[in-house]
Amino acid sequence: MELLTVLLVVIPLICAPITAMIADRRVAWALTLMMCLALAVISAMVLNDVTTGKVIHYELGGWKPPWGIEYVIDSLNALIAVIVAFIALITVIYGRKSAEQEIHDSQIHLFYAAFQLVILGLMGMALTGDIFNLFVFLEISSLASYALIAMGHKRQALVASFNYLIAGTLGATFFLLGIGFLYAASGTLNMADLAARFDDFASMKLVITALLFILIGLALKAAAFPLHSWLPEAYTQAPTMVTVLLASTSTKVAVYVLIRMLYQVFPQAYWEEMLLPGFLMLSGCLGMLYGSYKALCQVSIKRLLAYSSVAQLGYMIVGIGLNNEAGLTAAIVHMFNHAVTKAALFMAAGMVLMRLHTTSLDKLRGAGKTMPWTTGAFALAGLSLIGVPGTAGFISKWYLVQGALAQGNYLVAGSILGASILAIMYVWKIIETLYFDGSDKLHVHKVGSGKQIVADLPVATACCYLMVFACFYFGLYTSIPLEAAQTAVQAMMGNGGAQ
Amino acid sequence: MSDSLILRVITKWLVPVILLFALYVQFHGDYSPGGGFQAGVIFSSAFLLYALVYGVEATSRVLPEAVLRIGASAGVLLFAGVGVVSLFKGGTFLDYSALSDTPLAGQHIGIIVIELGVGITVACVMLLLFYTFARTIPPQ
């Protein structure tokens, strides 16, 4: 099992340069598919192994930690690895047609290579137990995603990518400075070692600075509320496959790193007394209200969903800020549930884009009659986004509200409900336009109506519905994400930080 | 610039010396300051000098962009390949000691091969960057 964990990083590392060398779109796609399949199988096995509470350690290069780089896998990062691997797998199956349509033939193998590098970076961030190694993987995934976003077929994609580049680089710089300060104070980069020896250097002022720098860097990467401005344009302009992958994984991994830092590197007791939990809750609450409100104002479906992502990230930040078991469980489960839900929604939006070459709502009036399957996916996944009982979105919101009430924090509970009402409104806005406004004549690309549409994109539709099914499945059978989250939360809350 | 005789002759003299120095930095890197990154940059600077004096056209005849693209990936593959070989030989990923019979020899082989990978990738990427930007300037 130890050997398998490192393969999660090694396989994409070997696969990506090979893909970049072979200039054939079918081979590139097949290689990416095989890589994702391998990662999905391995990550599922690893998760199955660690939900019992076991922790896997793997020492790279034969150097003993804390000097060498070590991979530490517990149930939290195994869950993240599973999210990344499975979303990537389904995205690759889904995206074959859309990538061929959106990406120029001469670039498509590079597109897939960069796609694999993003997965490599996210996997590495999830698995590593070394804080500097984490920065390296953060940069790998970020640089690859700048390139991927820039490949969007409109010229605005370049601007969106450049904005993300600036914001992302600032975030990475803050994060690196934070690591530097922490290293200066402690002399170590190993997370477990940092946590174990924290009391030796906890009195230094430098450590507070390090914490704040790391937090700000990660908040930029995670698009937490005031630092979210790069996200909507980046998601809107990126090619469909990239939007699906990034929306459901990359910000989640940044939130995961935030949790790891706050609960296992810096002891909980260290930052609990600061204003920090309050700030996190404030940022989260404002984020979910602002994100939902902005989503309501949007005309383009892709941008609407992107703003809704800002709002959903707010829920996770609030979960961390609540700083109790229910809140943290909610944050972790919501990463999983939101990944599934947003993947389904962006896949549906991608199919609309492929058929009609627009996602602007004012051009999609009455599309429900022409594209019943795609719009059906919108409606069903939208339920999960709102958090209707029986869907995945309900589970995490339920825990979150419980966490807020357990603290007697009615303001937070109220914000969650308020944001949910806004969510109903923006999901309804989509549904109303698609189903109840029947005035425009649609210009469906190449295809007339009815069953032909499904027949033309059977694989993409099937993948989309797989994610929709997952929204409901994980709403009814919550054991996989919930058990992993609870094991992780108990490990983190139980022994006050040290592993 | 290309019609200056002095520049052309000096460049022809300098290019092999720079390449040789790059190789020295590359392969002596485990005993003295240097290594793959520095060597790669020095190696590519020889071609940069050539391109500045003789033009990008002439340089890309010597080293076409397609070769650079392959090289950039091959270097990464070489680096990762060393890790995989050490995995197969029973060590952990990138455990050079497992590469040979004695750990000392293994460490030597490991560091030289991965630095070679770094050198190839850095040299190729540096030149690719130069080509990419040079192409956007119209020839005078």
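Fair warning: this is a prediction, and the values are worked out from it, not measured in the lab. (Residues numbered from 1 in each chain as written. Chains lettered and ligands numbered in written order. Predicted model: local features only at pLDDT ≥ 70, side-chain atom pairs only at ≥ 80, totals over all residues.)

Asks: Looking at this model, I keep getting lost on the overall build of chain A. Mind explaining?
Replies: Each helix and strand in chain A was counted, giving 22 helices and 2 strands. Computed over its C-alpha atoms, the radius of gyration of chain A comes to 22 Å, within 12% of the 23 Å expected for a compact globule of 499 residues. In terms of principal-axis extent, the alpha carbons of chain A reach across some 70 × 55 × 40 Å. Buried positions account for 60% of the 499 residues belonging to chain A. Counting only contacts in chain A whose residues sit at least 6 apart along the sequence, the fraction spanning at least 24 positions is 81%. (Helix = DSSP H or I, 4+ residues; strand = E, 2+ residues; numbered from the N terminus. Rg over C-alpha atoms; globule rule 2.2 N^0.38 Å. Buried ≥ 20, exposed ≤ 12 C-beta atoms within 10 Å, placed from the backbone. Contact = placed C-beta atoms within 7 Å.)

Asks: Would you explain the overall build of chain B in this entry?
Replies: On a plain count of helices and strands, chain B comes out with 5 helices and 0 strands. Mapped from its N terminus to its C terminus, chain B presents α and β elements in the order α-α-α-α-α. Taken along the three principal axes of its C-alpha coordinates, chain B extends 60 × 30 × 20 Å. With 140 residues in all, chain B has 37% of them scored as buried. Counted over contacts in chain B with a minimum sequence separation of 6, partners at least 24 positions apart contribute 63%.

Asks: Explain the interface of chain B and chain A here, please?
Replies: Interface size is commonly expressed as the accessible area that is lost once the parts come together. On the side of chain A, 13 residues touch chain B, which itself brings 13 residues to the contact. In terms of residue class, the side of chain B that touches chain A is made up of 7 nonpolar, 5 polar and 1 charged. (Nonpolar A, V, L, I, M, F, W, Y, C, P; charged D, E, K, R; others polar.)

Asks: How do you make sense of the confidence of the model for chain A when you look at a structure like this?
Replies: Predicted coordinates in regions of low pLDDT should not be interpreted in detail. Of the residues in chain A, 95% reach a pLDDT of 70 or more, and the chain-wide mean stands at 88. Counting contacts from residues 447-454 of chain A, a segment whose pLDDT is below 50, to residues more than four positions away or on other chains yields 10 contacts. (pLDDT = per-residue confidence, 0-100.)

Asks: What is the right way to read the UniProt feature "transmembrane region" (unreviewed entry) in chain B from this model?
Replies: Residues annotated in UniProt with the feature "transmembrane region" (unreviewed entry) correspond here to residues 5-25, 37-54, 66-88 and 108-134 of chain B. The span residues 66-88 of chain B carries 100% helix and 0% strand; its end-to-end C-alpha distance comes to 32 Å. (UniProt positions renumbered as here; feature names shortened; annotations may be inferred.)

Asks: Where do I start with the environment of Tyr465 of chain A in this structure?
Replies: Residues and elements named next belong to chain A. Inspection of the secondary structure assignment puts Tyr465 in helix α21 (residues 458-476). Given 19 C-beta atoms within a 10 Å radius, Tyr465 is considered partly exposed. It is 8.9 Å that separates the C-alpha atoms of Tyr465 and Trp373, two residues lying 92 residues apart in sequence.

Asks: Honestly, the UniProt feature "domain: Na+/H+ antiporter MnhB subunit-related protein" (unreviewed entry) in chain B in this entry has me stumped. Any pointers?
Replies: UniProt feature "domain: Na+/H+ antiporter MnhB subunit-related protein" (unreviewed entry): in the numbering of this structure it lies at residues 6-127 of chain B. Structurally, residues 6-127 of chain B is divided into 80% helix and 0% strand, and its ends, taken at the C-alpha atoms, are 25 Å apart.

Asks: Looking at this model, I keep getting lost on the environment of Ser396 of chain A. Mind explaining?
Replies: Residue and element names in this part refer to chain A. Residue position: Ser396 is located in helix α18 (residues 392-406). Residue Ser396 is classed as buried on the basis of its 31 C-beta neighbours within 10 Å. Along the chain, Ser396 and Ile320 lie 76 residues apart, while their C-alpha atoms are 13 Å from each other. With residues up to four places along the chain from it excluded, the contact list for Ser396 reads Ala330, Val333, His334 and Asn337.

Asks: Quick question: what am I supposed to make of the packing of helix α2 (residues 25-50) of chain A against helix α4 (residues 108-127) of chain A here?
Replies: All names here are of chain A. Following both chains from N to C, one finds α2 and α4 inclined at 15 degrees, their axes separated by 8 Å at the closest point. Taken as axis vectors, α2 and α4 run roughly parallel relative to one another. Crossing angle aside, the handedness with which α2 passes α4 is left-handed. Along the contact surface, α2 presents Arg25, Ala28, Trp29, Thr32 and Met35, while α4 presents Ile108, His109, Tyr112, Phe115 and Gln116. (Axes fitted to C-alpha atoms, helices over the stretch in contact; angles between N-to-C directions. Parallel < 35°, antiparallel > 145°, perpendicular 65-115°, else oblique. Left-handed = near helix turned anticlockwise from the far one by under 90°.)

Asks: Which parts of the structure should I look at to understand the nonpolar core?
Replies: Counting residues in hydrophobic clusters, the biggest one holds 228 residues, and the most contacted among them are Val84 and Ala344 of chain A. Here the element with the most residues in this core is helix α15 (residues 325-356) of chain A; it accounts for 20 residues. (Core = buried A, V, L, I, M, F, W, Y, C linked by C-beta atoms within 7 Å.)

Asks: Help me understand the confidence of the model for chain B in this model?
Replies: All names here are of chain B. In this model, chain B carries an average pLDDT of 89, and 96% of its residues clear a pLDDT of 70 or more. Across chain B, helix α1 (residues 5-27) holds the top mean pLDDT of 94, while helix α3 (residues 56-62) sits lowest at 89. With pTM at 0.91, the complex prediction returns an ipTM value of 0.89.

Asks: Sorry, what's going on with helix α6 (residues 156-186) of chain A here?
Replies: One turn of an α-helix holds 3.6 residues; hence residues three or four places apart share an orientation. Between its first and last C-alpha, α6 of chain A extends 44 Å over 31 residues, near the 45 Å set by a 1.5 Å rise per residue. Count one or two residues on from α6 of chain A and you reach Gly187 of chain A, which has phi positive near 80 degrees. (Expected span 1.5 Å × (residues − 1).)

Asks: What should I look at first to understand the environment of Pro64 of chain B in this one?
Replies: Residues and elements named next belong to chain B. With respect to the helices and strands, the residue Pro64 is situated in the loop between α3 and α4 (65-88). In this structure Pro64 comes out as exposed when scored by C-beta crowding, with 12 C-beta atoms within 10 Å. Along the sequence, Pro64 and Leu127 sit 63 residues apart, while their C-alpha atoms lie 10 Å from each other.

Asks: Explanation requested: unusual backbone geometry in the structure shown.
Replies: Residues apart from glycine generally show negative phi values, whereas peptide bonds are mostly found in trans. Residues and elements named next belong to chain A. Residue Pro66 is bonded to the preceding Pro65 through a cis peptide linkage, with omega at 10 degrees. Relative to the elements of secondary structure, Pro66 occurs in the loop between β1 (56-59) and β2 (70-73). In this model, Asn323 sits at a positive phi of 60 degrees, which is unusual for a non-glycine residue. Positionally, Asn323 belongs in the loop between α14 (301-322) and α15. Look at Asn323 and you get buried, because 20 C-beta atoms sit within 10 Å. Even without a glycine there, the phi angle at His357 is positive, about 60 degrees. Mapped onto the elements, His357 comes out in the loop between α15 and α16 (367-370).

Asks: Would you mind showing me how to read helix α9 (residues 205-222) of chain A here?
Replies: All names here are of chain A. An ideal rise of 1.5 Å per residue puts 26 Å on 18 residues; α9 measures up with 26 Å between its terminal C-alpha atoms. Within the sequence span of α9, burial applies to Ala210, Leu211, Phe213, Ile214, Leu215, Gly217, Leu218, Ala219, Leu220, Lys221 and Ala222. On its buried face, α9 sits against α5 (131-150), α6, α11 (240-265), α12 (268-272) and α14.

Asks: Can you walk me through the packing of α5 of chain A against α11 of chain A in this structure?
Replies: Pairs of packed helices are described in terms of their axes, by the angle between the two and the distance that separates them. Residues and elements named next belong to chain A. Running from N to C, α5 and α11 point in directions that differ by 160 degrees, and their axes come no closer than 12 Å. By the angle between their directions, the pair α5 and α11 is classed as roughly antiparallel. Note that α5 runs across α11; the crossing there is left-handed. Contacts between α5 and α11 involve Ile131, Leu134, Ser141, Ser145, Leu148 and Ile149 from the first element and Val242, Leu246, Ser250, Val257 and Val265 from the second. Of the residues belonging to the contact of α5 with α11, the class tally is 8 nonpolar, 3 polar and no charged.

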